[in-house]
Amino acid sequence: MTEVYDVAIIGGGPGGLTAGLYAARGKLKSVLLERGLAGGQIVNAERVENYPGFPEGISGMELGERMLAQASKYGLDIAYAEATGVELKGKIKTVHTSRQSYITKSIIIAAGSEHRKLGVPGEKDLLGRGVSYCATCDAPFFREQRVAVVGGGDVALTDALFLSRFASRVIIIHRRRELRAAGILQERVSAERNIEFLWDTIVEAVEGNGQVQKLLLRRVDTKEKSTLAVDGVFVAIGLEPNTHFLEGKIPLSSANQVIVNGLMETEIPGVLAVGDIRQNSPRQAVAAAGDGANAAISVVRYLREQ
């Protein structure tokens, strides 16, 4: 007999794990589907300093592990598989994954996002050979070398600070003159002697013979082109929601995020979305956790009404 869950949660970041915690504690038969490490994008953060309850900060990896342990304690089933499609019509829904299909009465979509690419020549070919999207993963490979960080937000500056411990020189390349990053991060970066900026500049290509050797750059204002010799480039220009498996199944915004109301509900009864993947998300772990709690409470209400 096919097992039917009360709720299937797609994604194991802070939003999905919190939804799983609340659902499991609410005695719902719940399964969480995660394709990688529990914690989502937060596991790439060397230090999380703005999550309540950790005044000294906590590593992203440890925060994800703690969330997983807490949710599992109350009986949340965990399945490591990637969602590949969904069937949302009717009261009973299906989530197809890379391993098997799951039958469920409701779905909470918490699939998060992935790193946005530059989309320039050489980026894909040199991935893992100097091109990286995770400073905390790859910084030790660049001891006493020159590296570039592309971006101007919190992630870009956090990456630059971490890289400055290893690299001899860190060049932050930003297409504008002003940064979007938090003021405290800007102050910390300014205090580091081996970090510098290239303002009003974009990367047009990544070049190298089997390994990154230089970047082709262009000034936004003057259109002047130049080259920059580096041993690595870390791309931190934002995230794209993981909604590819939802196309044609559920309404998406112009930014490919799932459209929800204040209760995290989509227009399809029994289908909700939380965290980075939902429209107007602030893309913060604490906000995703709040979304997850909200969604789980909404699911309990929905199932009670059926």
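Check the entry above for the structure.
Residues numbered from 1 in each chain as written. Predicted model: local features only at pLDDT ≥ 70, side-chain atom pairs only at ≥ 80, totals over all residues. Heavy atoms only, no water.

Novice: Got a minute to help me understand the sheet that holds strand β2 (residues 7-10) in this structure?
Specialist: Backbone hydrogen bonds are what pair the strands of a sheet, in a parallel or an antiparallel way. Overall, parallel pairing links the five strands, which are arranged β4-β3-β2-β8-β19 in an open sheet. What marks the edges here is a single partner per strand, and that holds for β4 (77-80) and β19 (271-273). In this sheet, neighbouring strand axes are inclined to one another by 20 degrees on average, regardless of whether the strands run parallel or antiparallel. Here β2 pairs with strand β8 (residues 107-109) via three bridges, running parallel. Paired with Ala8 across the bridge in β8 is Ile107. (Pairing = 2+ DSSP bridges. Helix = DSSP H or I, 4+ residues; strand = E, 2+ residues; numbered from the N terminus. Axes fitted to C-alpha atoms, helices over the stretch in contact; angles between N-to-C directions.)

Novice: Before we go on, may I ask you to explain the nonpolar core in this structure?
Specialist: Grouped burial of nonpolar side chains is what soluble globular proteins tend to show. Formed by 29 residues in total, the largest nonpolar core has its most connected members in Val7, Leu63, Ile108 and Val299. Looking at this core, the elements with two or more residues in it are β2, α1 (14-25), α2 (60-73) and α6 (285-305). Not counting residues within four places of it along the chain, the set of residues in contact with Val7 comprises Ala23, Leu28, Lys29, Ser30, Val31, Thr104, Ser106, Ile108 and Val299. Among the nonpolar cores identified, the runner-up in size contains 23 residues, and Val86, Ile107, Ile109 and Ile250 belong to it. (Core = buried A, V, L, I, M, F, W, Y, C linked by side-chain atoms within 4.5 Å. Buried < 20%, exposed > 50% of the residue type's maximum accessible area, 1.4 Å probe, protein only. Contact = heavy atoms within 4.5 Å.)

Novice: Please explain the state of the cysteines as it appears in this structure.
Specialist: Two cysteines joined by a covalent bond between their sulfur atoms form a disulfide. The final tally for this structure, using the stated rule, is one disulfide. With its sulfur 2.0 Å from that of its partner, Cys134 forms a disulfide with Cys137. Because the torsion about its S-S bond is 70 degrees, the bridge between Cys134 and Cys137 counts as right-handed. We classify Cys134 as buried; its relative accessible area is 11%. With a relative accessible area of 41%, Cys137 lands in the partly exposed category. (Disulfide = S-S within 2.5 Å.)

Spatial relationships are all this shows, so hold off on functional conclusions.
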